[in-house]
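Observations on chain architecture
Chain by chain, the residues run as shown.
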Amino acid sequence: MSEMRDTGGGGEDERVRRQSQILKEKIARAQGAHSAGLAGGASQPRDMTGMGRAMRLGTEFIAAILVGAVAGYLLDRWLNTTPWIMLVLLLVGFAAGVLNVVRAAEQMNKASPPPPGSDLGPGTDDDEN
Amino acid sequence: MDPEAAKYIGAGIAAIGMAGAAIGVGNIFGSFLSGALRNPSASQSQFGNLIFGFAVTEALGIFSFLIALLLLFAV
Amino acid sequence: MADPNKVDPIHQFLITDIVRFGDGFAFTNSALFMVLTVGLILAYLLLSTTRRSIIPGRAQLISEMLYEFVANMVRNSAGTAGMKFFPFVFSLFMFVLVANMFGMIPFLFTATSHIIITFALAILVFAVVIIYGFYKNGLKFLKLFVPSGVPAYVLPIVVPIEIVSFLSRPISLSVRLFANILAGHITLKVFAGFVVTLGSLGFLGWLGALLPLTMTVAITALEFLVAALQAYVFAVLTSMYINDAIHPSH
C-alpha cells in the first residue's frame with residue numbers, strides 16, 4: 001500500500017494502471033485457488049448438528065419401511081392376497097432402510113475423517129515411542 | 001369382549017415388543033461407540049459388523065411391528 | 001383457548017382462510033406466506049443486482065454469496081453437467097430458506113411446517129430426476145437399480161430393495177424438513193409457555209421463569225441454525241439425486 005502512496009503525485013494514470021495490475025494478480029490468484037479447490041474432488045456435505053444427523057438416519061430408515069408397508073397394503077387390497085405381499089414388502093422395505101442408513105453413514109464418515117495425528121493403531125507406524 | 005376391540009388391544013401389545021429392539025439397538029451403538037473411542041483405528045473395519053448387528057436386532061423389532069400391522073389390517 | 005394462561009403450542013400451525021372462493025377452494029394463510037416468500041426472493045434479488053457494480057455493495061454481496069454457495073454445491077455434487085439444474089436447485093434452496101426464516105419471525109406462519117408442502121417439493125424433485133433420467137439415458141436409467149459387481153443370482157433380491165430404497169427418497173426428504181421445522185417450533189412454544197405460566201405465579205415464579213426464558217433464547221438461536229441447515233440439506237440432497245439422473249450407474 002505504501003508504494004502506491006509514494007507515486008501519489010505522479011499522475012492519475014500511473015496510479016490506476018498500478019492498481020489494475022494488483023487487481024489482476026489478485027484475480028489470477030483467486031482463480032487458481034478456486035480451480036485447485038475444485039480439483040480437490042467432490043467435497044461431501046459437511047453437515048450438521050447431532051440432532052440433524054440422528055434425524056437424517058431415522059427418517060432414511062423409517063421412510064423405506066413405510067414405503068414397503070404401504071405399497072404392500074395397497075397391492076394386497078388390489079390383488080386380494082391379504083396379507084402376503086405386505087409381509088414380503090415390509091421385509092424388503094426393512095432391507096432398503098438398512099441400505100439407506102449404511103449409505104448415509106458412509107457419507108457422514110467420509111465427510112469427517114479421523115483428525116490427523118490421532119492414534120492410528122498398531123498397523124501404522126507411530127513415531128511416538 | 002368385542003372381537004374388534006381384542007384385535008386393537010392385541011396390536012397394541014404386539015407393538016410393545018419394539019421396545020426390546022430399541023434397547024438392543026441402543027446397546028449395540030453404545031458398545032460400538034465406547035469401543036471405537038478406545039481404538040478409533042479399528043472402528044472402520046468393524047463398521048460392517050455394526051450394521052449387521054443393528055440389522056439383526058432391528059429385524060426382531062420389525063417382526064413385532066409386522067404382527068401389529070397384520071392384526072390391524074389383515075386379520 | 002378459554003384460559004389465557006394456557007398456551008397452545010399447536011395453534012401456530014392452524015390454516016385459516018383469508019379469501020374464500022366457492023366450495024373447498026380458498027386463499028389461505030399458508031398460500032399467502034408462500035406468495036410472500038417468492039415475492040421477497042424476487043424483489044431482493046432483482047433490486048440488489050440492478051446496479052451490477054463491479055465492487056458490490058452489501059446487498060449485492062449477499063446475492064453473490066448465495067449464488068456462489070449454491071453454484072459450488074451443485075458443481076461439487078453433480079459435476080459440471082449438473083449446472084443445467086442450477087436454477088432449479090437455487091430456486092428450491094431460496095424458497096425453503098426464506099420460508100423457514102419467515103417462520104422465525106413471531107406471529108408469522110411457517111409454510112414448511114406442513115408436510116403437504118414439503119412433500120410437494122420432494123415430489124417435484126423426483127419428477128425432475130425420473131423424467132430427466134429417462135430423457136437423457138433412455139432405458140439405461142434403470143441401471144440405477146442394478147448395482148455393479150453383484151452376481152446374477154442375487155439380483156432378484158437386490159433389485160426390489162434398490163427400488164424401495166429409491167421410492168423412499170421423496171418421503172425421507174420431505175419428512176426430514178417438515179419434522180425438523182415442526183419439532184423446533186413446538187419446542188420453542190412449549191418453553192415460551194412455561195415462562196408465561198411461571199410468570200403468573202408471583203415473585204418466586206418470576207425467578208423460576210428465568211430458566212425457561214434462557215432456554216427460549218438458546219432454542220431461538222438453534223432454530224435459526226436449523227432453518228438454514230435444513231434448506232442446505234434439502235438442496236444438497238436434491239443435487240445428489242440429480243447426479244443419479246445424470247450418471248445412473250453406481
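Since the model is a prediction, treat every value here as computed from it, not as a measurement. (Residues numbered from 1 in each chain as written. Chains lettered and ligands numbered in written order. Predicted model: local features only at pLDDT ≥ 70, side-chain atom pairs only at ≥ 80, totals over all residues.)

Below, the discussion takes up the overall build of chain B. Per the secondary structure count, chain B includes three helices and zero strands. Against the compact-globule benchmark of 11 Å for 75 residues, chain B has a radius of gyration of 17 Å, which places it well outside the compact range. Counting only C-alpha atoms and orienting by the principal axes, one finds that chain B spans roughly 60 × 15 × 10 Å. Across chain B, the fraction of contacts at a sequence separation of at least 24, relative to all contacts at a separation of at least 6, is 91%. (Helix = DSSP H or I, 4+ residues; strand = E, 2+ residues; numbered from the N terminus. Rg over C-alpha atoms; globule rule 2.2 N^0.38 Å. Contact = placed C-beta atoms within 7 Å.)

Regarding its fold elements, chain A presents four helices and zero strands. Secondary structure elements of chain A occur, N-terminal to C-terminal, as α-α-α-α. Per-residue burial for chain A yields a buried fraction of 21% across its 129 residues. Across chain A, contacts joining residues at least 24 apart in sequence account for 59% of those joining residues at least 6 apart. (Buried ≥ 20, exposed ≤ 12 C-beta atoms within 10 Å, placed from the backbone.)

Looking now at the nonpolar core. With 64 residues, the main nonpolar core has V89, L92, F93, V96, F234 and A235 of chain C as its most contacted residues. Where this core is concerned, the elements lending two or more residues are α3 (50-79) and α4 (84-111) of chain A, α3 (47-74) of chain B together with α2 (58-78), α3 (86-103), α4 (115-137), α5 (155-199) and α6 (203-246) of chain C. With 11 residues, the top contributor of residues to this core is α6 of chain C. Not counting the four nearest positions on each side in its chain, F93 of chain C is found in contact with V70, A231 and A235 of chain C. (Core = buried A, V, L, I, M, F, W, Y, C linked by C-beta atoms within 7 Å.)

Where strand β1 (residues 17-20) of chain C lies against strand β2 (residues 26-28) of chain C, three bridges are found, and the strand directions are antiparallel. Considered in β2 of chain C, the bridge of D17 of chain C is made with T28 of chain C. (Pairing = 2+ DSSP bridges.)

Before going further, it helps to examine the environment of L211 of chain C. Looking at the secondary structure, you find L211 of chain C in helix α6. Taking the C-alpha atoms as reference points, L211 of chain C and F194 of chain C, 17 residues apart in sequence, are found 9.4 Å from one another.

Following the sequence through the fold, Q60 of chain C ends up in helix α2. Distance from Q60 of chain C to S91 of chain C, taken between C-alpha atoms, is 18 Å for residues 31 residues apart in sequence.

Accessible area lost upon the coming together of the parts serves often as the stated size of an interface. Across the boundary between the two partners, chain C contributes 19 residues, which contact 23 residues of chain A. If you list the elements that add at least two residues to the side of chain C that touches chain A, you get α2, α5 and α6 of chain C. Considering each element in turn, the side of chain C that touches chain A owes the most residues, 12 residues, to α5 of chain C. Split into classes, the residues belonging to the side of chain C that touches chain A amount to 11 nonpolar, six polar and two charged. (Nonpolar A, V, L, I, M, F, W, Y, C, P; charged D, E, K, R; others polar.)

Turning to its location among the elements, L188 of chain C is positioned in helix α5. Setting aside chain neighbours within four positions, we find L188 of chain C in contact with T216, I219, T220 and E223 of chain C.

Moving on, we get to α2 of chain C. Residue and element names in this part refer to chain C. In this model α2 runs 30 Å from its N-terminal to its C-terminal C-alpha over 21 residues, within 8% of the 30 Å that 1.5 Å per residue would give. Restricting attention to buried positions, one finds in α2 the residues V70, M73, V74, N76, S77 and A78. Its buried side turned inward, α2 meets α3 and α6. G79 sits one or two residues past α2 and shows a positive phi near 75°. (Expected span 1.5 Å × (residues − 1).)

What follows concerns the packing of α5 of chain C against α6 of chain C. Closest axis-to-axis distance for the α5 of chain C/α6 of chain C pair is 8 Å, and the angle between their directions is 170°. By the angle between their axes, α5 of chain C is roughly antiparallel relative to α6 of chain C. (Axes fitted to C-alpha atoms, helices over the stretch in contact; angles between N-to-C directions. Parallel < 35°, antiparallel > 145°, perpendicular 65-115°, else oblique.)

Detailed reading of the predicted model is not advised wherever pLDDT is low. Per-residue confidence for chain B gives a mean pLDDT of 90, with 100% of residues at or over 70. Of the two predicted TM-score estimates for the complex, the pTM is 0.79 and the ipTM is 0.77. (pLDDT = per-residue confidence, 0-100.)

A separate point is the confidence of the model for chain A. Residue and element names in this part refer to chain A. With 65% of its residues at a pLDDT of at least 70, chain A reaches an overall mean of 74. pLDDT under 50 marks residues 37-46. Its contacts with residues more than four places away, or in other chains, come to 10 contacts. For the stretch residues 125-129, pLDDT sits under 50, and the model shows zero contacts to residues farther than four places along the chain or on other chains.

Right, let's talk about unusual backbone geometry for a bit. Residue and element names in this part refer to chain A. Look at the link from T82 to P83: it is a cis peptide, with omega at -5°. Positionally, P83 belongs in the loop between α3 and α4. Positive phi outside glycine occurs at N80, with the angle close to 55°. Looking at where N80 falls in the secondary structure, it is placed in the loop between α3 and α4. In this structure N80 comes out as exposed when scored by C-beta crowding, with 6 C-beta atoms within 10 Å.

Following both chains from N to C, one finds α3 of chain A and α5 of chain C inclined at 130°, their axes separated by 7 Å at the closest point. With respect to α5 of chain C, the axis of α3 of chain A lies oblique. The way α3 of chain A lies across α5 of chain C gives a crossing that is right-handed. Residues M55, R56, T59, E60, A63, A64, L66, V67 and G68 of chain A of α3 of chain A form the contact with α5 of chain C, whose participating residues are V164, S165, L167, S168, I171, S172, V175, R176, A179 and N180 of chain C. A class-by-class count of the residues in the contact of α3 of chain A with α5 of chain C yields 10 nonpolar, six polar and three charged. (Left-handed = near helix turned anticlockwise from the far one by under 90°.)

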